[in-house]
Amino acid sequence: MMINKKTVLAASIALAYSFPSLADQSMRIVLEANSNKASALKSELLSNNIKIEKELSSLESFAISIDKTQLANVTGLTNVKTFYPDVPRKLMSEGASQYIPYGLSMVQADQVQYQGGQKVCVIDSGYALEHPDLPSAGVTGSDDGGAGVWYQDPFGHGTHVAGTIAAIDNEFGTTGIVDDHSLDMHIVRVFAGNGSWAYASDLAGAIDECQQAGSTVISMSLGGKYSSPIEEKALDKVARANILMVAAAGNAGEALHSYPASYDSVISVAAVDSTKNHAIFSQRSSQIELAAPGVNIFSTVPVDRARFSKFNVTQDTINFQYYGMDGSRFGTVTGELVDCGLGT
């Protein structure tokens, strides 16, 4: 049985308009012209006031949009070879997703609300101020010991610490303890880009800078084996001003003291994993006062040091962790995902 192509076209359009979701919208269709008749078909479309969305000259085709009132005009076209819906396409991604670190609920940060009035000073390797998942308003900083400008972080450690504290709740990346832009921070950079050593005197100066900036909390994810009188003096001075100081207990996996964490004026924090077991690398000294999540912590890093990616597999979103090379490009690609095993 022969079916007239114009009848099929009319039926197709009518069927589309039979759905309530399309009833009041325009419908987009691709029309292929008869051989060497593209110009003639274009003239027909224009004379019938039919909107041409896209002209594909090399394919002698047009994408058009029509509504119900133009149905009769389309069915009367004489130079159409074939036609079909101009079906929609979308990127093979549902947009960036937000990964909530396990430590957030472990320390019950999701059960309290920040009441304001605090400023956290992060003494570290700097801060990636341009990071889209970190606040910029309310963030100040200073450079100490010639390490470099505070608003850059070639090493990445300081940005990771800052994200744990204040990454923004914005539907991508991660979230921090205070995730609504409301926390003021001051950044003091004491480590150069290669993560080289700083000194106790650098830390003493940085502690003073934190106080001068009006900080009420000081975070120090750093340390060393030996105590220092100048460092201890600076810490004691700040403690008398009722500034809370917190430092990492140390990562040598020993039962020895690490400083500044082991000074009496500083809260020493050891690390546990997601099952609340002691992290094998974390110190076990008598000065430790708290334990907190410290193994495989997901947080912000400078954009050229990303180590986490999301892939869409057969339309289901699945998260894969990977370790990127320093200096890797930042962006989005779409392609076939192949399991290469260990690549051997």
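Located above this text is the structure these notes cover.
A brief report on the enclosed structure follows. (Residues numbered from 1 in each chain as written. Predicted model: local features only at pLDDT ≥ 70, side-chain atom pairs only at ≥ 80, totals over all residues. Heavy atoms only, no water.)

1. Focus on unusual backbone geometry
What you tend to see is this: most non-glycine residues have negative phi, and most peptide bonds are trans. Stated precisely, the cut-off is as follows: Strands here mean DSSP runs of E at least two residues long; helices mean DSSP runs of H or I at least four residues long; both are numbered from the N terminus.
Here Tyr259 and Pro260 are connected by a cis peptide whose omega angle stands at 20°. Assignment of secondary structure puts Pro260 in the loop between strand 11 (244–248) and strand 12 (267–272). One non-glycine residue, Asn36, adopts positive backbone phi at about 65°. With respect to the helices and strands, Asn36 occurs in the loop between strand 1 (27–33) and helix 2 (38–47). The phi torsion at Lys276 lies on the positive side, around 70°, for a residue other than glycine. Mapped onto the elements, Lys276 comes out in the loop between strand 12 and strand 13 (288–293).

2. Observations regarding the sheet that holds strand 1
Stated precisely, the cut-off is as follows: Pairing between strands is defined by DSSP: at least two bridges between the two strands are required. Every axis corresponds to a line fitted to the C-alpha atoms, with the helix fit spanning only the stretch in contact, and the corresponding angles, defined between N-to-C directions, vary from 0 to 180 degrees.
What the four strands build is an open sheet, ordered 2-3-1-4; its pairing is antiparallel. Since the sheet does not close on itself, it has two edges, and those belong to strand 2 (51–56) and strand 4 (80–85), each with one partner. Neighbour to neighbour, the strand axes of the sheet diverge by 25° on average, direction disregarded. Relative to strand 3 (residues 61–66), strand 2 runs antiparallel, the two sharing five bridges.

3. Topic: the nonpolar core
Burial of nonpolar side chains together is a common tendency in soluble globular proteins. Operational definition: We define the nonpolar core as a collection of buried residues of types Ala, Val, Leu, Ile, Met, Phe, Trp, Tyr and Cys that are connected through side-chain atoms lying within 4.5 Å of one another. Buried, partly exposed and exposed residues are distinguished by accessible area as a fraction of the type maximum, computed with a 1.4 Å probe on protein chains only: under 20%, between the cut-offs, and over 50%, respectively. Residues are treated as being in contact if the distance between any of their heavy atoms lies within 4.5 Å.
Core analysis: the largest hydrophobic core is formed by 22 residues, its most contacted members being Ile123, Ile207, Ile218 and Met220. Sorting the residues of this core by element identifies strand 6 (119–124), helix 6 (200–212), strand 10 (217–220), helix 7 (229–240) and strand 11 as the ones contributing at least two each. Among the elements that make up this core, the one with the highest residue count is helix 6 (four residues). Contact partners of Met220, with chain neighbours within four places excluded, come to Ile123, Leu203, Ile207, Leu235, Met245, Val246, Ala247, Ala248, Pro260 and Val266.

4. Concerning helix 2
Convention followed: For this quantity, the arc is that covered by the directions from the helix axis to the C-beta atoms.
For helix 2, the full list of buried residues reads Ala38, Leu41, Glu44 and Leu45. For helix 2, the buried positions fall inside an angular range of 120° around the axis, keeping them on one side. Turned more than 90 degrees from where helix 2 packs its buried face, Ser39, Leu46 and Ser47 sit exposed. Summarising the contacts, the buried residues of helix 2 are in contact with strand 1, strand 2, strand 3 and strand 4.

5. A closer look at the state of the cysteines
Applicable threshold: Cysteine sulfur atoms are paired as a disulfide whenever they fall within 2.5 Å.
Inspection of every chain in the model, using the stated rule, returns one disulfide. A disulfide bridge connects Cys121 with Cys210, and the sulfur atoms are separated by 2.0 Å. Linking Cys121 and Cys210, the disulfide has an S-S dihedral of approximately -60° and is accordingly described as left-handed. Taken as a pair, Cys121 in strand 6 and Cys210 in helix 6 lie far apart in primary sequence, 89 residues in all. There is no split in this pair, since Cys121 and Cys210 are both buried.

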